[in-house]
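Okay, here's what each chain looks like letter by letter:
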Amino acid sequence: MRQTQLFTKTKREDPKDEMSKNAKLLIRAGFVHKEMAGVYSYLPLGWRVLRKIEAIIREEMNAIGGQEITMATLHPSEPWKQTGAWDNVDVLFKIQSRTEKEYALGQSEEEIVTPIVQEYVDSYKDLPVAVYQIGQKYRDELRAKSGIMRGREFLMKDMYSFHDNQEDFDRFYQIAKEAYLKLYTRMGLVAKATEASGGSFTTKLSYEFMVLTDAGEDDILYCNECTHCANVEVSKQKEGDTCEKCEKGTMSAAKASEVGNIFDLGQKYSKDFNFTYKTADGSEKQPIMGCYGIGLTRLMGVIVEALSDDKGIVWPESVAPFKVHLLALGDSEVVKMRAEKLYMELQETGIEVLFDDRAGVSNGEKFNDADLLGMPYRIVISERSLKEGGFELKKRTADKGEIIPFESVISFLK
Ligand code: ATP
Ligand code: MG
């Protein structure tokens, strides 16, 4: 894409009403636009990041047998009343229509998915089932001060699984946990799985997936020897204790952000909706359910918090809006021609490129924008680089670039 075609521009100043680094950088760089506290629109560059995060999650959920659907977000009140959530879930947005009918906005979708799956599962042979969606969620959060990490509207992947027995649930639960750890790694993050209390309706096992960052709202303890990790809120351990799991390492305290979690829901919802199916011996049984959430917009914020530097954002290649930021400097015709040619070649080879083809913008401004926007590779074409026999290629994370001969650039990037 040509930067002259991109309708957004970078801003010099931080927004005045944002405390968090992720919101400051993303707004300055033109990735997101704030509508009100906790509600953001995603602009071309931000939208591309979200689509990449989404693609990674979709691949990993499909790989473990998840079937993608998309559910309504405007809900009738009845299923919410049936499960008791209408009165008990404090973040639920409730709407009254002009005919005084009541509705809810989806904050999680057990109330919608359970009756859907119920309609198609008659026998134990129809199980297991795992369905997921990637879509908007609405929550009446009291505090929304962490930028896109805590929204009143946000993007979530929510998966729900239905099983015939506890063993089958446990099998799938472990597979889902591994898939989660893998997808965070693919996004350039290190996530730790805490064992948590399990929410309001069950005392069963649950995992929270935590990424260490000072911008996070959770306090965790983690072992410096093994993978053990716990939320301070629920843990019997404290900082400096010997790890209760490996009995060797020491527990350290840190701030972290919850980028996903998975719950054993037991039969809570199958009971609420009287969801039964026939077993092999002809009797009636209620499925065991699990739910599996990931906050996509929160992940985007966490990536910015965890990886950016004092110059701007640093996107991992897997989620960057473009792999390459191509900068043409000065107004020499040869430079322009070379830049145009490389731009075409990169596109032909399927390498995503943002081309800073703006005229009348200083070199310094172009460099600053490239650092702020944070593409993994910067390629500069200038009279100087041409004299040195090629393009200057710099990784966003490197201090200095190197000259790459014209003919080697594509193969280098591949
Ligand atoms: P938190 O404790 O941070 O409020 P939660 O326990 O309410 O999270 P879930 O209801 O399980 O979270 O939602 C699944 C995932 O959705 C969370 O792990 C998180 O990544 C994301 N998430 C939850 N609330 C928000 C929010 N208000 N804004 C953005 N992402 C969110
Ligand atoms: Mg919450």
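Residue numbering note: each chain is counted from 1, following its sequence as written. Whichever chain is written first is A, and whichever ligand is written first is 1; the rest continue in order. Given that the model is predicted, a residue must reach a pLDDT of at least 70 before its local features are reported, and side-chain atom pairs must reach 80 or more before they are shown or counted; all residues, however, enter totals for whole chains, interfaces and linings. Excluded from the side-chain calculation are hydrogens and water; included are all heavy atoms of the structure.

A. Focus on the side chain of lysine 366. Helix numbers and strand numbers start at the N terminus; a helix is a DSSP run of H or I with at least 4 residues, a strand a run of E with at least 2. Mapped onto the fold, lysine 366 is located in helix 10 (residues 363-373). Only protein chains enter the area calculation, which uses a 1.4 Å probe; residues under 20% of their type maximum are buried, those over 50% are exposed, and those in between are partly exposed. Under the relative-accessibility criterion, lysine 366 is labelled buried at 2%. A polar side-chain atom of lysine 366 sits 2.9 Å from the main-chain carbonyl oxygen of alanine 328. Throughout, a residue-residue contact means that at least one pair of heavy atoms, one from each residue, lies within 4.5 Å. Setting aside residues no more than four positions away along its own chain, lysine 366 makes contact with Leu327, Ala328, Leu329, Asp356, Arg358 and Val361. For the purposes of these results, a polar contact is taken to be a pair of N or O atoms within 3.5 Å, where, inside protein, one atom must be able to donate a hydrogen and its partner to accept one; residues adjacent in sequence count only when each atom of the pair is a side-chain atom.

B. Quick look at the packing of helix 2 (residues 44-63) against helix 6 (residues 166-186). In this analysis, axes come from line fits to C-alpha atoms, helices being fitted only over the stretch in contact, and the angle between any two N-to-C directions falls in the range 0 to 180 degrees. With their axes 10 Å apart at the nearest point, helix 2 and helix 6 run at an angle of 155 degrees to one another. As judged from the angle between their axes, helix 2 and helix 6 are roughly antiparallel. The handedness of the crossing between helix 2 and helix 6 is right-handed. Taken together, the residues of helix 6 that come into contact with helix 2 (itself represented by Ile56, Ile57, Glu59, Glu60 and Met61) are Ala179, Tyr180, Lys182, Leu183 and Arg186. Comment on the angle field: the value is read as roughly parallel under 35 degrees, roughly antiparallel over 145, roughly perpendicular from 65 to 115, and oblique elsewhere. In this scheme the handedness of a crossing depends on how the near helix is turned from the far one: anticlockwise by less than a right angle means left-handed, clockwise means right-handed.

C. Structural view of the sheet that holds strand 4 (residues 74-76). Paired strands are those between which DSSP finds at least two bridges. Read from one edge of the open sheet, three strands run 4-6-5, paired in antiparallel fashion. Unpaired on one side and paired on the other, strand 4 and strand 5 (94-96) mark the two borders of the sheet. Across the sheet, the axes of successive neighbouring strands diverge by a mean angle of 40 degrees, strand direction being ignored. When strand 5 meets strand 6 (residues 102-105), the two strands line up antiparallel, connected through three bridges.

So far we have only geometry, and geometry alone does not tell us how the molecule works.
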